[in-house]
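Here's the letter readout for the chains.
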Amino acid sequence: MSLKQLAPSFDTSSTPVLARYTTTTKMTGRRRCRRTMSLVQLLKCHFLSHLILCYVFLVSGLIVNLLQLCTLPLWPLSKQLARKVNCRLAYCIYSQMVAALEWWSGTECTLYTDPKSFSLYGKENAIVVLNHSFEIDFLCGWTFCERFGVLGRKWEDDRKTVAQSLQNLRDYPEKYWFLLYCEGTRFTPKKHQNSMQVAESKGLPKLKYHLLPRTKGFWITVQNLRGTVAAVYDSTLNFRNNETPTLRDILSGKKYHADLYVRRIPLELIPEDESECADWLHKLYQEKDSFQELYMQTGLYPGPTVSPPRRPWSLINWLFWSCLLLYPLGLLLVQLFASGSVTTILASVALCTAASVGVRWMIGQTEINRASHYGESKAMHQNNN
């Protein structure tokens, strides 16, 4: 038999074999990928991982606080420089929470906004008015700030404290977004019922997805920041598939997809008179309610969408602190167990147990059912509107 006769018979018979081999290889690759992903997800769900994450967060926070104390002598010499240094140090703490949301859990965020407004984000000071319905809405607010490279600040204090502290922001050296929860507390059915009873007694339109806003706090904030802040970013947050994420879920690596609708409202459009400003804010929340209704019906907010890219700095900061703090901890544990002392080993186990209980308690404090009881009585709503 000639080589020419051998060639076609070889090609014809080998083609399905190669196809089967390729298909099998792809399937094997997929199985390995699934096994790897399952293993990674299992590690993320393990409480030991949560304990390590919280250890890094707490210890790095203590170190940063000590460093901030060391900057006190700098304050009389250069107030603005001291503020910039403290801003960077504070970022070392808060960005770890952002990294947990963006990189550990892989949660994605789609932004609904006007393209003209999008070009201004991160380039001006602003007041961010966000709905307060989820356990991690504050974390999504921080992430929103992080993706545009600005300092985010949250405020829920009393009237006098806000007025005094807001004045300190007038000459702040960094761009910032002031995160304001006008509802004053997280949304719960009981609080909503009381809030709507107050709305009925005052002749205000009822809201379906929000509590009545605290108009006094909003007016004080706007008045104190006029001339410093360029706009109000009316922000409405929701999660796809009607999911309600928790901090425990984020630490367990569960992935979510957040949708955030943002409208830029120039500050000069907000009335200066307190009564007129209150009416304006009530109208704003009626519009926010309609946006939420639209989202519940269609799964979409109005307007074009954009997905701001994740910045690597929160991840780099997180990895830096993890390497810095876990290496000596590992050496210490090895030495403790290598010593062979039963007392030392039992003390270490007791310490780890106490730490795990403390971490579970800390995570539990973010749950909605353990949130502030503010707003559970009608009197509170009446006194703050």
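Everything that follows concerns the structure shown earlier in this document.
J.: Any chance you could explain the overall build of the chain here in plain terms?
T.: What the chain contains, in helices and strands, is 14 helices and 7 strands. Buried positions account for 44% of the 385 residues belonging to the chain. In the chain, of all internal contacts separated by at least 6 residues, the share reaching a separation of at least 24 is 84%. Accessible area for the chain stands at about 20,700 Å²; split by element, carbon and sulfur atoms hold 63% of it.

J.: How should I be thinking about the packing of helix α4 (residues 79-104) against helix α6 (residues 137-147) in this particular structure?
T.: A pair of packed helices is characterised by two quantities: the angle between their axes and the separation of those axes. Between α4 and α6, whose axes approach to 9 Å, the crossing angle comes to 105 degrees. Here α6 runs roughly perpendicular to α4, going by the angle between their axes. Listed contacts from α6 to Y91, Y94, M97, V98, L101 and E102 of α4 are F138, L139, C140, W142, T143, E146 and R147.

J.: Quick question: what am I supposed to make of the nonpolar core here?
T.: It is characteristic of soluble globular proteins that their nonpolar side chains tend to be buried jointly. Ranked by internal contacts, the top residues of the largest apolar core, which has 32 residues, are I136, W177, Y233, L237 and F239. In this structure, L180, V229, I265 and I270 belong to the second largest nonpolar core, which totals 30 residues.

J.: How do you make sense of helix α11 (residues 274-298) when you look at a structure like this?
T.: Since the α-helix packs 3.6 residues into each turn, any two residues three or four apart lie on the same face. If you check α11, its first and last C-alpha atoms are 36 Å apart, about what 25 residues at 1.5 Å a residue would give, namely 36 Å. C277, A278, W280, L281, H282, L284, Y285, K288, D289, F291, Q292 and Y295 are the residues of α11 that are buried. Against β2 (126-130), α9 (215-225), β5 (231-239) and β6 (257-266) lie the buried residues of α11. Structurally, the start of α11 carries an N-cap: the backbone nitrogen of S275 is 3.1 Å from a side-chain oxygen of D273. In the stretch just after α11, G299 is the one whose phi turns positive, near 75 degrees.

J.: Would you mind showing me how to read the environment of A163 here?
T.: By the secondary structure assignment, A163 is in helix α7 (residues 159-167). Each C-alpha atom, one on A163 and one on N224, is 6.8 Å from the other, the two residues being 61 residues apart in sequence. Beyond its immediate chain neighbours, meaning those up to four positions away, A163 contacts I220 and N224.

J.: In this structure, what is going on with the pairing of strand β4 (residues 176-180)? I would like to understand it.
T.: With respect to burial, β4 is a largely interior element, 5 of its 5 residues being buried. The alternating pattern of β4 places Y176, F178 and L180 and W177 and L179 on opposite faces, both of which are buried. Strand direction decides the pairing type here: β2 and β4, joined by 4 bridges, are parallel. Across the sheet, A126 pairs through a bridge with W177, a residue of β4.

Rules and cut-offs
Residues numbered from 1 in each chain as written. Predicted model: local features only at pLDDT ≥ 70, side-chain atom pairs only at ≥ 80, totals over all residues. Heavy atoms only, no water. Helix = DSSP H or I, 4+ residues; strand = E, 2+ residues; numbered from the N terminus. Buried < 20%, exposed > 50% of the residue type's maximum accessible area, 1.4 Å probe, protein only. Contact = heavy atoms within 4.5 Å. Areas by Shrake-Rupley, 256 points an atom, 1.4 Å probe, with all protein chains shown as cover. Axes fitted to C-alpha atoms, helices over the stretch in contact; angles between N-to-C directions. Parallel < 35°, antiparallel > 145°, perpendicular 65-115°, else oblique. Core = buried A, V, L, I, M, F, W, Y, C linked by side-chain atoms within 4.5 Å. Expected span 1.5 Å × (residues − 1). Polar contact = N/O pair within 3.5 Å; in protein donor to acceptor, adjacent residues only side chain to side chain. Pairing = 2+ DSSP bridges.

Note that all results are geometric; they support no functional claim without further evidence.
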